[in-house]
Amino acid sequence: MATNGKPNGTSSRASTGIKVIVVGAGFGGLGAAIECHRQGHDVEIYEAFPELKQLGDIISFGPNAGRIFYRWSNGDVVRRMRPLSVRGLIKAPHCSADWYDTGEIVINQKTPAYSEDAPNFNGHRGELHEVVFSYAKDDLGIPIHLGNKITTYFEDEDKSGIVLESGERVSADVVIAADGVRSRARKSVLGYEDKPKSSGYAVWRAWFPNKDMIADPLTAQFCENGDTFNGWIGPDMHFLFSTIKDGSDCCWVLTHPDEHNIDESWSFPGKLSEVKEAIKDWDPMCSRIVSKTPEEMLVDWKLVYRDPLPTWVSPKARILLLGDSAHPFLPTSAQGATQALEDGVCIAVCLRRGGKQNVPTSVRAHEKIRYERVRATQKTGESTRDMWHKTDWNKVKESPEIIQFPRQDWIFEFDTEKNAEETYDKVVEGLAAI
């Protein structure tokens, strides 16, 4: 039974008595709350946004995330997500990498078929988020307090908590700050402001229905043959175009150099004229696809960068940074949201293994278990981007496979719950010896 008295369908673990506050109701925050619920903790979520909105465009979850989703009510959440995603389990779509200027296919990379209990998902961020949000709130009964902005965090030896904009203080045994790249908790953890900076790149991104694509015989091909992936790779830029849900929805992202400073916001309405100017010397098909995009659906998104933080854990180890608040990923890793989910699994296991009297030890153990894996996975975003943007095209002509999207087994085959269970005791022993 869940701690709120509702059957959760995910775990029969007894209550640990550990009270957890999660700040942020994105994928990282929701995942952490669901996993804490599975492990028997008493968890609530606080979110600044006043209502749930289906925002964003495409998001990817590797099979290491699919393995996590599948454990939620024995595959029920996976079954809800599958119709909203590329039909990767029914057929393995191909990802074509094309010369940026001619459109000639360099290599056709087949997407591997993943197992039923570790599926791969590519779909609309807002639609998939709604599935996870509804599962946490309606199926599990996890309290989600919307419209609650956090002004500050606090902790002492015995508890931690948040102060809401209303002045209300809410206490818990541990606070998990999944509040994104602008996290207010970061100062509580580090003791100083650590502002994001430009990565040197930005993306134009869009998601739109296939109506105008279907009406044009030259672009209809992308929507009439099920789900497709196509990528054009050029000097310091790449353009990725996908069709989703049997070709009914279209989405694309164009990563390009950008040296503007990061201000209060780095997401702006995009201009089709700027996109067309950037790709004027590219394969005309790229401009044709862009021309089908309603301008109101176009976003210009600055890619922020953050040097690896020295720690994700506050001085008294009762506040933990999770997901983007601790380690923002570049889109070329295709692992940002997945690694946030892995964080949530790990901290939930560690808290259960340590028990209510050992919360600080459990939080520190979580960081030790996760830190090097996350840093190594982060690096794949940079290495994949550089592989595409700084390609030696003469070498590609000889060995086209060198520009395939990497699918490393050490990332995809990882079972974070199993890893946390198996390594917890040894990591705690190591902490005690320090």
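On a predicted model such as this, the values are computed, not experimentally measured, just so you know.

**Some thoughts on the overall build of the chain**
Along its length, the chain carries 13 helices and 18 strands. Classification of the 434 residues of the chain by burial places 56% in the buried group. For the chain, the exposed area adds up to about 18600 Å²; of that, 49% sits on carbon and sulfur atoms.

**Brief notes about the sheet that holds strand E7 (residues 144–145)**
Read from one edge to the other, the open sheet built from 5 strands follows the order E7-E2-E1-E11-E18, with strand pairing classed as parallel. Strands at the two margins of the open sheet, each flanked by one partner only, are E7 and strand E18 (319–321).

**Describing the sheet that holds strand E10 (residues 169–172)**
Overall, antiparallel pairing links the 3 strands, which are arranged E8-E9-E10 in an open sheet. Of all strands in the sheet, those with a lone pairing partner are strand E8 (150–155) and E10, marking the two edges. The mean inter-strand angle of the sheet, taken between neighbouring strand axes irrespective of direction, is 20°. For strand E9 (residues 160–164) and E10, the ladder comprises 4 bridges, and the chain directions are antiparallel. Counterpart to Ser160 in the pairing with E10 is Ala172.

**Remarks on the side chain of His129**
Relative to the elements of secondary structure, His129 occurs in helix H4 (residues 125–139). Of the polar contacts made by the side chain of His129, one reaches the backbone oxygen of Ala25; its length is 2.7 Å. Beyond its immediate sequence surroundings of up to four residues, His129 is in contact with Ala25, Gly26, Phe27, Leu30 and Leu52.

**Some thoughts on the nonpolar core**
Judged by nonpolar contacts, the single largest core of 69 residues is most densely connected at Val20, Phe61, Phe69, Trp72, Tyr153, Ile162 and Val363. For this core, the element with the highest residue contribution is helix H9 (residues 336–354), accounting for 7 residues. Those residues in contact with Phe61 that lie beyond four places of it in its chain are Phe27, Phe69, Pro119, Asn120, Phe121, Leu128, Ala337, Thr338 and Leu341. Of all hydrophobic cores here, the second largest spans 22 residues; its members include Trp204, Trp232, Phe239 and Phe241.

**Concerning helix H13 (residues 416–433)**
Taking 1.5 Å of rise per residue, the 18 residues of H13 would be expected to cover 26 Å, and the 25 Å separating its terminal C-alpha atoms lies within 8% of that figure. Along H13, the sharpest change in direction is near 45° and occurs at Thr423. Along H13, the residues that are buried comprise Thr416, Glu417, Ala420, Tyr424, Val427 and Leu431. Where H13 starts, the residue carrying a side-chain oxygen 3.3 Å from the main-chain nitrogen of Glu417 turns out to be Asp415.

**Structural notes on the environment of Glu127**
Along the chain, Glu127 turns up in helix H4. By relative accessible area, Glu127 is classed as buried at 16%. The spatial distance from the C-alpha of Glu127 to the C-alpha of Asp57 is 9.2 Å, given a sequence separation of 70 residues.

**Brief notes about the environment of Asp283**
Topologically, Asp283 is positioned in the loop between helix H7 (272–278) and helix H8 (284–291). Overall, the relative accessible area of 10% leaves Asp283 in the buried class. At 2.9 Å, the side chain of Asp283 and the side chain of Trp232 are in polar contact.

**Focus on the environment of Arg352**
Note on placement: Arg352 falls in helix H9. In this structure, the C-alpha to C-alpha distance between Arg352 and Ile18, residues 334 residues apart in sequence, is 8.3 Å. Setting aside its immediate chain neighbours within four residues, Arg352 contacts Arg13, Thr16, Gln39, His41 and Glu421.

**Observations regarding the packing of helix H1 (residues 27–38) against H9**
H9 packs onto H1 with a crossing angle of 25° between their chain directions and a minimal axis gap of 8 Å. Taken together, the axes of H1 and H9 are roughly parallel relative to one another. Regarding H1 and H9, the two cross each other, and that crossing is right-handed. Residues Phe27, Gly28, Gly31, Ala32, Glu35 and Cys36 of H1 lie in contact with H9, whose contacting residues are Ala340, Leu341, Gly344, Val345 and Ala348.

**Brief notes about the packing of aromatic side chains**
Tallying each qualifying case throughout the model produces 9 aromatic pairs. Centre to centre, the rings of Phe61 and Phe69 are 5.1 Å apart; their planes meet at 80°, and the pair counts as edge-to-face. The exposure classification of Phe61 matches that of Phe69, with both residues buried. Ring geometry for Phe69 versus Trp72: centroids 5.2 Å apart, planes at 80°, classification edge-to-face. Classification of Trp72 by relative accessible area gives buried; the value is 0%. Aromatic rings pair up to connect Phe27, Phe61, Phe69, Trp72, Phe121 and Tyr135 into one cluster. The positively charged end of Arg169 is found above the aromatic ring belonging to Phe154, 3.9 Å away from the centroid. Across the ring face of Phe414, the terminal group of Arg373 is positioned such that the distance to the ring centre comes to 3.8 Å.

Calculation rules
- Sequence order as written defines residue numbering, which begins from 1 separately in each chain.
- In view of the model being predicted, local features appear only for residues whose pLDDT reaches at least 70, and side-chain atom pairs are presented and counted only at 80 or more, with totals across whole chains, interfaces and linings using the full set of residues.
- The side-chain values count all of the structure's non-hydrogen atoms but skip hydrogen atoms and water molecules.
- Helix numbering and strand numbering both begin at the N terminus, where a helix is a DSSP run of H or I of at least 4 residues and a strand a DSSP run of E of at least 2.
- Remark: exposure states derive from per-residue accessible area (1.4 Å probe, protein chains only) relative to the maximum for the residue type, with buried under 20%, exposed over 50%, and partly exposed in between.
- Reported accessibility uses the Shrake-Rupley method at a 1.4 Å probe radius. Residues are deemed covered only where the shown protein chains occlude them.
- Pairing between two strands requires that DSSP report at least two bridges joining them.
- An axis is simply a line fitted to the C-alpha atoms; with a helix, the fit covers only the stretch in contact. Between two such axes, the angle follows the N-to-C directions and lies from 0 to 180 degrees.
- Residues adjacent in sequence count toward polar contacts only when both atoms are side-chain atoms; beyond that, a polar contact is any pair of N or O atoms within 3.5 Å, and within protein one must be able to donate a hydrogen and the other to accept it.
- Note on contacts: a residue pair is in contact if any heavy atoms of the two residues lie within 4.5 Å.
- Buried residues of nine kinds, namely Ala, Val, Leu, Ile, Met, Phe, Trp, Tyr and Cys, make up a nonpolar core once their side-chain atoms join them within 4.5 Å.
- Here the expected length of a helix is defined as 1.5 Å per residue gap, with one fewer gap than residues.
- Here the bend at each residue means the angle between axes fitted to two seven-residue stretches, the one ending at that residue and the one beginning there.
- Comment on the angle field: the value is read as roughly parallel under 35 degrees, roughly antiparallel over 145, roughly perpendicular from 65 to 115, and oblique elsewhere.
- Take the far helix as the reference: if the near one is turned anticlockwise from it by less than a right angle, the crossing is left-handed, and if turned clockwise, right-handed.
- Any two of the Phe, Tyr and Trp rings considered here, Trp counted by its six-membered ring, make a pair once their centres fall within 6.5 Å; the pair's planes then place it as stacked at under 30 degrees, edge-to-face at over 60, or tilted in between.
- Remark: a charge is flagged as sitting over a ring if the NZ atom of Lys or the CZ atom of Arg is within 6 Å of the ring centre and within 35 degrees of the ring normal.

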